[in-house]
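# Coordinates in review
Spelled out, the chains give:
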Amino acid sequence: MAEAFTKSMARNIFYGGSAFFFLLFLALTFDTMGQLPNRDNRAALEGELGPVIAQGKALWENNDCIGCHTLLGEGAYFAPELGNVYKRFGNSTDAIKGFILSRPKDGIPGRRSMPQFNFNDEELTALAEFLKYVSEINTAGWPPNIQG
Amino acid sequence: MKYQSQSVAKLYFIAAIALFAAQILFGLIMGLQYVVGDFLFPEIPFNVARMVHTNTLIVWMLMAFMGAAYYLVPEEAETELFAPWLATLMFWIFLVAAGLTVAGYLLVPYATLAELTMNELWPTMGREFLEQPTITKLGIVIVALAFLFNIGMTILKGRKTVVNLVMLLGLVGLAVFFLFAFYNPTNVVMDKFFWWWTVHLWVEGVWELILGAILAFVLIKTTGVDREVIEKWLYIIIAMTLITGIIGTGHHFFWIGTPEYWQWWGSIFSAMEPIPFFMMTVFAFNMVNKRRREHPNKVAILWALGTAVMAFLGAGVWGFLHTLSPVNYYTHGTQITAAHGHMAFYGAYVMINLTIISYAMPLLRGRNAANPPKSQILEMWAFWLMTVSMVFITLFLTGAGILQAYLQRMGENPQSFMAVQDQIALFYWLREIAGVVFLIGLVLYIASFFVGQKDPEAVAAD
């Protein structure tokens, strides 16, 4: 680097640049928070089924579903995307419940299989309603098709 | 080793290497489960193996960062560590907490672990990379605070150098952004948005400051190039890191319910994220070329140069590959992401930690400068085996990812996830073979600590 470019200039670029872009990031975050109510399907959370969806999210987390599946493309890549599974299963919460319920306890020889979690009907409903809520978030047209 | 209290770093480095070995073993288990789906089912389901794989990685990174700080901060500050006993105490607390957490993952179902640790009081579990029970997370905060206090006090009472300052900034940032791990609203979009404040602002933000500081320290020590020159480079590299990387967080906000303008902000700024990594490569090679001494620890310099190259390839090139939103639309959440994740983490963070360990361990073990030639040569074999096999792991996963995106999302008749997985199994087999080679490299790496240790240590050629 040329001698004209001094260490203190480099230091000032670091502090100034970092501070500026962090503030810009905060401003964008602030704007995003203002726009989310129109996109993030919070009406579902505030509606009658809100507590059921919250229970579903707790079950989703307590069983580490993200350790195999993706949700809106984030998570593990071992099992199908679930952000749009409600739509993929024909807009049916019953189909989701039926699938989870029917997983074999000892797996499928030689193949990947979802564990049998022994959920009761209330829990299955909660999970299905949670996945329905996620499927109705405005994700800018992602995924490209129903396969997720 | 100039100061007695630096020796506490040794504990941290040894634990880091042990956790590294655990990480690789579970990686191989997962890799096999990709093709032999019922392997170890239902005893160790895939999600449990993955938790162990990623969490041991995170903990060993933190362990090694702390070890690096305990080693280099006193030397830079030219003073003993403020409280060596605190560093030792925190080591054992951290190790026991990490051990119990991993045992919890393996011994009981995850839902039981959530119940046992009373997750419902303050639910933070079950989110990718942040699977640790809330109590473990609190433990991490306590360890981090005690660590920062110790390091901060040492810097305060000693010489202030740019390396120390940048290291401290990175470590404070690490602690601050971890706090977002405690925010877990029911609203999935809000949850994901701020989850990235921990995950992205760690690995594409403050961790790069730590990486830069460690690299600068090792280059100052091994090349003898004027500190002023190296510090100027360090400032400009980390400036570019944060200028591009903070708004670059936007590349995670394309498809999670956030406004469309993030596709512009995220694409443009993250497209520039390779720049600081490229500068780091130029920097490292320049400094080594301009070296004013021949340091006998050749393998440490190899790791330092390796870090600069592999971080650029893994984080820079493989990140750029899928960061533009029109591309990411098809690749988001596919094996492309996994490919990038593997080489970026190995190239940037695994390698920088192995660099500082390679530089510091001989000194911590009482040598003047370097290990005997036999040990160094073995470590070089380990370097090449691990690095080349990681390149192949990345290439195979990239192949799998391209096919996956095409068959599942782009072709005439998009196929279901599992139908596609069956068709790309060959790539998963090849990845697993490359993983076995990586393990061989790791075994040689560990062996290098024991081989030829009685020989006279290496000396510089001139």
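Residues numbered from 1 in each chain as written. Chains lettered and ligands numbered in written order. Predicted model: local features only at pLDDT ≥ 70, side-chain atom pairs only at ≥ 80, totals over all residues. Heavy atoms only, no water.

A separate point is the overall build of chain B. Along its length, chain B carries 16 helices and zero strands. Taken over the C-alpha trace, chain B has a radius of gyration of 22 Å; the compact-globule value for 462 residues is 23 Å, and the two agree within 12%. Seen through its principal axes, chain B has C-alpha atoms that stretch 65 × 45 × 45 Å. The proportion of buried residues among the 462 residues of chain B is 66%. (Helix = DSSP H or I, 4+ residues; strand = E, 2+ residues; numbered from the N terminus. Rg over C-alpha atoms; globule rule 2.2 N^0.38 Å. Buried < 20%, exposed > 50% of the residue type's maximum accessible area, 1.4 Å probe, protein only.)

For the structure on display, the rule yields 20 salt bridges over all chains. Arg 39 of chain A is paired through a salt bridge with Glu 260 of chain B; the nearest N and O atoms lie 2.7 Å apart. Of the two residues, Arg 39 of chain A is situated in the loop between helix H1 (7-35) and helix H2 (42-46) and Glu 260 of chain B in the loop between helix H8 (227-248) and helix H9 (262-271); the pairing between them involves two chains. On the basis of relative accessible area, Arg 39 of chain A is assigned to the buried category, the value being 8%. (Salt bridge = Lys/Arg side-chain N within 4 Å of Asp/Glu carboxyl O.)

The end-to-end C-alpha separation of H8 of chain B is 31 Å, in line with the 32 Å expected for 22 residues at 1.5 Å each. Most of H8 of chain B sits inside the fold, with 18 of its 22 residues counted as buried. (Expected span 1.5 Å × (residues − 1).)

A separate point is the domain arrangement of chain B. Many structure descriptions define interface size as the accessible area lost when the parts assemble. Residues and elements named next belong to chain B. Partitioning chain B into domains gives domain 1 (1-160), domain 2 (193-293) and domain 3 (298-462). Centre-to-centre separation of domain 1 and domain 2, based on C-alpha positions: 23 Å. Buried surface at the junction of domain 1 and domain 2, both sides included, amounts to about 1100 Å², of which 75% is carbon and sulfur. When the area that domain 1 buries against domain 2 is broken down by residue, the three leading residues are Phe 65, Leu 72 and Glu 76, summing to 41%. (Domains from an automatic or database assignment. Buried area = accessible area lost by both parts, 1.4 Å probe.)

With that out of the way, let us pick up the interface of chain A and chain B. With 73 residues of chain A at the contact, the number on the chain B side is 86 residues. Around 6800 Å² of area is buried between chain A and chain B when both sides are counted, 65% of it from carbon and sulfur atoms. When the buried surface of chain A facing chain B is broken down by residue, Lys 7, Phe 25 and Tyr 77 of chain A rank first, second and third, together holding 12% of it. Our count for the contact surface shared by chain A and chain B stands at 38 residue pairs in polar contact (both at pLDDT 80 or more). Among the elements of the structure, H1, H2, helix H3 (50-62), strand E1 (70-71), strand E2 (74-75) and helix H6 (121-135) of chain A are those that each provide at least two residues to the side of chain A that touches chain B. Among the elements that line the side of chain A that touches chain B, the one with the most residues is H1 of chain A, at 19 residues. For the side of chain A that touches chain B, the class distribution of residues is 38 nonpolar, 21 polar and 14 charged. (Contact = heavy atoms within 4.5 Å. Polar contact = N/O pair within 3.5 Å; in protein donor to acceptor, adjacent residues only side chain to side chain. Nonpolar A, V, L, I, M, F, W, Y, C, P; charged D, E, K, R; others polar.)

Each domain of chain A was delimited in the assignment, giving domain 1 (8-38) and domain 2 (40-148). Computed from C-alpha coordinates alone, the two centres of domain 1 of chain A and domain 2 of chain A are separated by 35 Å.

Time to look at the packing of aromatic side chains. Here the structure, examined in full by the defined rule, presents 61 aromatic pairs over all chains. For the pair Phe 178 of chain B and Phe 182 of chain B, a centre-to-centre distance of 6.0 Å together with 80 degrees between the ring planes defines the contact as edge-to-face. The exposure class of Phe 178 of chain B is buried, given its relative accessible area of 5%. Put simply, the rings of Phe 22 and Phe 25 of chain A together with Phe 177, Phe 180, Tyr 183, Phe 193, Phe 194, Trp 197, Phe 253, Tyr 261 and Trp 262 of chain B pair up and form one aromatic cluster. The cationic tip of Arg 103 of chain A hangs over the ring face of Phe 99 of chain A; the distance from NZ or CZ to the ring centre is 3.7 Å. The ring of Phe 78 of chain A carries the charged tip of Arg 112 of chain A above its face, separated from the ring centre by 4.6 Å. (Phe/Tyr/Trp six-rings, centres within 6.5 Å; stacked < 30°, edge-to-face > 60°. Lys NZ or Arg CZ within 6 Å of the ring centre and 35° of its normal.)

On to helix H3 (residues 84-107) of chain B, then. Over its 24 residues, H3 of chain B extends 34 Å from the first C-alpha to the last, a length consistent with the 34 Å expected when each residue adds 1.5 Å. On its buried face, H3 of chain B is in contact with helix H1 (9-35), helix H2 (46-77), helix H4 (110-116) and helix H5 (134-157) of chain B.

What follows is about the packing of helix H6 (residues 162-178) of chain B against H8 of chain B. Two quantities define a packed helix pair, namely the angle between the axes and the distance from one axis to the other. All names here are of chain B. Put simply, H6 and H8 touch, their axes get as near as 10 Å, and they point 25 degrees apart. Considered as vectors, H6 and H8 are oriented roughly parallel to each other. In this structure, H6 contributes Val 162, Val 163, Leu 165 and Val 166 to the contact, and H8 contributes Arg 227, Glu 231, Leu 234, Tyr 235 and Ile 238. (Axes fitted to C-alpha atoms, helices over the stretch in contact; angles between N-to-C directions. Parallel < 35°, antiparallel > 145°, perpendicular 65-115°, else oblique.)

By the secondary structure assignment, Gln 33 of chain B is in helix H1. According to the relative accessible area criterion, Gln 33 of chain B is buried, its value standing at 2%.

Let us look at the state of the cysteines. Residue and element names in this part refer to chain A. Applying the stated rule across the entire model yields zero disulfides over all chains. With no disulfide of its own, Cys 65 has Cys 68 as its nearest cysteine by sulfur position, at a separation of 8.6 Å. Judged by its relative accessible area of 15%, Cys 65 is buried. (Disulfide = S-S within 2.5 Å.)

For the rest of this paragraph, the subject is the side chain of Asn 328 of chain B. Here Asn 328 of chain B shows up in helix H12 (residues 325-331). Using a relative accessible area of 7% as the deciding quantity, one classes Asn 328 of chain B as buried. Leave out the neighbours within four places in its chain, and Asn 328 of chain B touches Trp 142 of chain A together with Phe 254, Trp 255 and His 322 of chain B.

Our next topic: unusual backbone geometry. Note that the residue after Trp 142 of chain A, namely Pro 143 of chain A, is joined by a cis bond; omega there is -5 degrees. Note that Pro 143 of chain A resides in the segment after H6. Along the chain, Phe 41 of chain B connects to Pro 42 of chain B via a cis peptide bond; the corresponding omega equals 0 degrees. In this structure, Asp 64 of chain A takes a positive phi of about 50 degrees despite not being glycine. Residue placement: Asp 64 of chain A occurs in the loop between H3 and E1. Although it is not a glycine, Asn 118 of chain A adopts a positive phi angle of roughly 55 degrees.

Before going further, it helps to spend a moment on the environment of Ile 58 of chain B. Residue and element names in this part refer to chain B. Summarising the element assignment, Ile 58 is placed in helix H2. A relative accessible area of 14% places Ile 58 in the buried class. Each C-alpha atom of the pair Ile 58 and Gln 6 lies 23 Å from the other, and the pair is 52 residues apart in sequence. Setting aside its immediate chain neighbours within four residues, Ile 58 contacts Phe 129 and Trp 202.

It is worth spelling out the nonpolar core at this point. Residue and element names in this part refer to chain B. Ranked by internal contacts, the top residues of the largest apolar core, which has 203 residues, are Trp 60, Tyr 70, Trp 207, Ile 214, Met 386 and Tyr 445. The leading source of residues in this core is helix H7 (residues 188-223), at 25 residues. Non-local contacts of Tyr 445, meaning those with residues more than four positions away in its chain, are made with Ile 17, Trp 303, Leu 354, Ile 357, Glu 379, Ala 382 and Met 386. (Core = buried A, V, L, I, M, F, W, Y, C linked by side-chain atoms within 4.5 Å.)

Summary statistics for chain B give a mean pLDDT of 97 and a share of 100% for residues scoring 70 or more. Interface confidence for the predicted complex, given as ipTM, is 0.97, next to a pTM of 0.97. (pLDDT = per-residue confidence, 0-100.)

Okay, the environment of Gln 6 of chain B next. All names here are of chain B. Within the fold, Gln 6 resides in the segment before H1. For Gln 6, a relative accessible area of 0% corresponds to the buried category. Spatially, the C-alpha atoms of Gln 6 and Tyr 70 are 5.8 Å apart, while their sequence positions differ by 64 residues. Leave out the neighbours within four places in its chain, and Gln 6 touches Met 1, Tyr 70, Tyr 71, Pro 74, Glu 75 and Leu 364. At 2.9 Å, the side chain of Gln 6 forms a polar contact with the backbone nitrogen of Tyr 3.

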